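# A closer look at the structure
The chain contents come next:
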Amino acid sequence: MAVVEAYAELARRVLAGPARLGRTRLVAVDGPSGAGKSRFAARLADALAGSLGGRPPVVHTDDLLDGWDDQVTFWPRLDEGVLAPLRNGEPGAYRRYSWVRQCFLPRPVPVPVAPVLVVEGVSAARAVVRPELTLAVFVTAPASLRLARAVARDGPEILPELRRWHDGERAHFAVDETATHADLLVDGAPTLPHDADRYYVRLR
């Protein structure tokens, strides 16, 4: 059953939850490419900003990938640069990958110690990090729509890599059982009428 819920209420839920990554409440927004993860993460961060007095940091896992072949193997880079320091109450940092230059940029992106950190991307809510999550979100949408969104965003020339990427996603999610373990299943292509800036549609 689909239910319209407010980002503001979800933000309150996150802030009322326990901090399990040091002093930080870690929110993972997972799901297949083109489902609407980035949009959901941005709107949740906006909703959290009012209570926190500033927008929480948002890390996109796409910025940590060493190209197309690093779909799920990037995790040590995220853990060592960001999660491990935050576990110890220290700020983290990572280098952003340039998909144009096909290399990591030299300037590190700082990740401060904050009450909330949002990590968004494919495999963000994987099994290894579940004990440290305050909230695990899985965003879903029909495969045909997700493919169309990705092509509209990045161009048809990515289709061969994108199809291989989708195969990898399906394999990962099947083994990891990510959607089953998520706290919140979100419709990334809702038909229920709602103000998309303030509300989302929950499937479970």
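Our subject is the structure that appears above.
Overview of the structure. (Residues numbered from 1 in each chain as written. Predicted model: local features only at pLDDT ≥ 70, side-chain atom pairs only at ≥ 80, totals over all residues. Heavy atoms only, no water.)

### With respect to the pairing of strand E4 (residues 92–98)
How we decide: DSSP-based pairing: two strands are paired if at least 2 bridges between them are found. A helix here means a DSSP run of H or I that spans at least four residues, while a strand means a run of E at least two residues long, and both kinds are numbered starting from the N terminus.
Pairing geometry for E4 and strand E5 (residues 103–111), over 6 bridges, is antiparallel. Bridge pairing links Ser-98 to Cys-103 in E5.

### Some thoughts on the side chain of Asp-176
So the rule is basically this: Distance and chemistry together define a polar contact, namely a pair of N or O atoms within 3.5 Å, with one atom able to donate a hydrogen and the other to accept it when in protein, and with adjacent residues in sequence counting only for side-chain atoms on both sides. Only heavy atoms enter the contact rule, under which two residues are in contact if any of them lie within 4.5 Å.
Looking at where Asp-176 falls in the secondary structure, it is placed in helix H5 (residues 159–176). Side-chain polar atoms of Asp-176 contact the side chain of Thr-178, separated by 2.7 Å. The contact partners of Asp-176, leaving out residues within four places of it in the chain, are Ala-125, Arg-126, Ala-127, Arg-130 and His-181.

### A short note on the packing of aromatic side chains
In plain terms, the rule: Paired rings are identified among Phe, Tyr and Trp, the last through its six-membered ring, by centres lying within 6.5 Å, and are further divided according to the angle between planes into stacked (under 30 degrees), edge-to-face (over 60) and tilted (the rest). When accessible area is computed with a 1.4 Å probe and restricted to protein chains, residues below 20% of their type maximum are described as buried, those above 50% as exposed, and intermediate ones as partly exposed. Whether a charge sits over a ring depends on NZ of Lys or CZ of Arg being within 6 Å of the ring centre and within 35 degrees of the ring normal.
Under the criterion given, the structure shown has 9 aromatic pairs. Ring geometry for Trp-68 against Trp-99: centres 5.6 Å apart, planes inclined by 75°, an arrangement best described as edge-to-face. Placement of Trp-68 in the loop between strand E3 (58–60) and helix H3 (75–87) and of Trp-99 in the loop between E4 and E5 is noted, with a sequence separation of 31 residues between them. On the accessibility criterion, Trp-99 (35% relative accessible area) is partly exposed. Ring geometry for Tyr-97 versus Trp-99: centroids 5.2 Å apart, planes at 80°, classification edge-to-face. Three or more aromatic residues joined by ring pairs make a cluster, and in this case those are Trp-68, Tyr-97, Trp-99, Phe-104 and Trp-165. Sitting over the face of the ring of Phe-74, Arg-126 holds its NZ or CZ atom 5.3 Å from the ring centroid.

### Some thoughts on helix H1 (residues 7–16)
Note the following rule: Arc definition: directions from the helix axis to the C-beta atoms.
For H1, every residue scored as buried is listed here: Tyr-7, Leu-10, Ala-11 and Val-14. The buried residues of H1 occupy an angular sector of 105° when the element is viewed end-on, so they sit on one face.

### A look at the packing of helix H4 (residues 143–154) against H5
Put simply, the rule is: Axes here mean lines fitted to C-alpha atoms, for a helix over just the part in contact, with angles spanning 0 to 180 degrees between N-to-C directions. An angle below 35 degrees is treated as roughly parallel, one above 145 as roughly antiparallel, one from 65 to 115 as roughly perpendicular, and anything else as oblique. With the far helix as reference, a near helix turned anticlockwise by less than a right angle produces a left-handed crossing, and one turned clockwise produces a right-handed crossing.
Their axes nearest at 11 Å, the elements H4 and H5 cross at an angle of 140°. In terms of orientation, H4 and H5 fall into the oblique class. Note that H4 runs across H5; the crossing there is right-handed. Taking contact as the criterion, the partners of Arg-146, Leu-147, Ala-150 and Val-151 in H4 are, on H5, Leu-159, Leu-162, His-166 and Glu-169.

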